[in-house]
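# Tertiary structure, described
As a plain string of letters, each chain reads:
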Amino acid sequence: MPDSMAEYLQADMECEGLLECIHGLKQLDKLVFRTLVESAEPLTVDEVADRVERERSTAYRAIQRLLQTGFVQKEQVNYDQGGYYHVYRPTDPDEVADDMQRMLNDWYAKMGTLIQEFRDKYDEEVPHAEAASSK
């Protein structure tokens, strides 16, 4: 993963790179997300673990990260005789894209503010340095 914005801009990136770049998701998270997207129906944690060939607890942690970022939805399925289990499905891509666009807009606004603060701070200090060197 690139360490700087300049490296991100120079790197070849696919759309899945947004999962890593914006949300800090890992390779396994992306694999789990792709597995859920490619499934015709929602999957349990055990089914996801089998498909990605990982332990249940590892798959569960990846699903939790995807839930926290809004990429995955959790649904409860009730047994007729009582009890329930959860299944997971991907969130609508338009909702995810809209959320990422909002995050990007917020980041852009924050960076603009920081750049202006940088400009204001160092524009004030430069004349002092030039005056001191001319003495």
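Here is what the cut-offs are and how they apply
Residues numbered from 1 in each chain as written. Predicted model: local features only at pLDDT ≥ 70, side-chain atom pairs only at ≥ 80, totals over all residues. Heavy atoms only, no water. Phe/Tyr/Trp six-rings, centres within 6.5 Å; stacked < 30°, edge-to-face > 60°. Helix = DSSP H or I, 4+ residues; strand = E, 2+ residues; numbered from the N terminus. Buried < 20%, exposed > 50% of the residue type's maximum accessible area, 1.4 Å probe, protein only. Pairing = 2+ DSSP bridges. Contact = heavy atoms within 4.5 Å. Axes fitted to C-alpha atoms, helices over the stretch in contact; angles between N-to-C directions. Parallel < 35°, antiparallel > 145°, perpendicular 65-115°, else oblique. Nonpolar A, V, L, I, M, F, W, Y, C, P; charged D, E, K, R; others polar.

### Some details on the packing of aromatic side chains
Enumeration according to the criterion identifies 3 aromatic pairs in this entry. Arranged with centres 5.5 Å apart and planes meeting at 80 degrees, the rings of F33 and F71 form a pair that is edge-to-face. In this pair, F33 is assigned in helix α3 (residues 27-38) and F71 in the loop between α5 (56-69) and β1 (72-78), connecting sequence segments 38 residues apart. As far as burial versus exposure is concerned, F33 and F71 are alike and both buried. Note on F118 and Y122: the rings are 4.8 Å apart at their centroids and 45 degrees apart in plane angle, and the pair reads as tilted.

### Overview of the pairing of β1
Pairing of β1 with strand β2 (residues 84-90) involves 7 bridges; the strand directions are antiparallel. Within β2, the residue paired with Q73 across the bridge is R89. Here β1 hands over to β2 after 5 residues, with G82 in that stretch at a positive phi of 110 degrees.

### Brief notes about the environment of P42
For P42, the position within the fold is in the loop between α3 and α4 (45-52). Between the C-alpha atom of P42 and that of E75, which follows or precedes it by 33 residues, the distance is 8.5 Å. Excluding residues within four positions of it along the chain, P42 makes contact with E47, E75, V87, Y88 and R89.

### With respect to the packing of α3 against α5
In contact at an axis separation of 9 Å, α3 and α5 are set at 80 degrees when each is read in the N-to-C sense. By the angle between their directions, the pair α3 and α5 is classed as roughly perpendicular. Of the residues in α5, those touching α3 at L28, D29, V32 and F33 are T58, A62, I63, R65 and L66. Across the contact of α3 with α5, the residue classes tally to 6 nonpolar, 1 polar and 2 charged.

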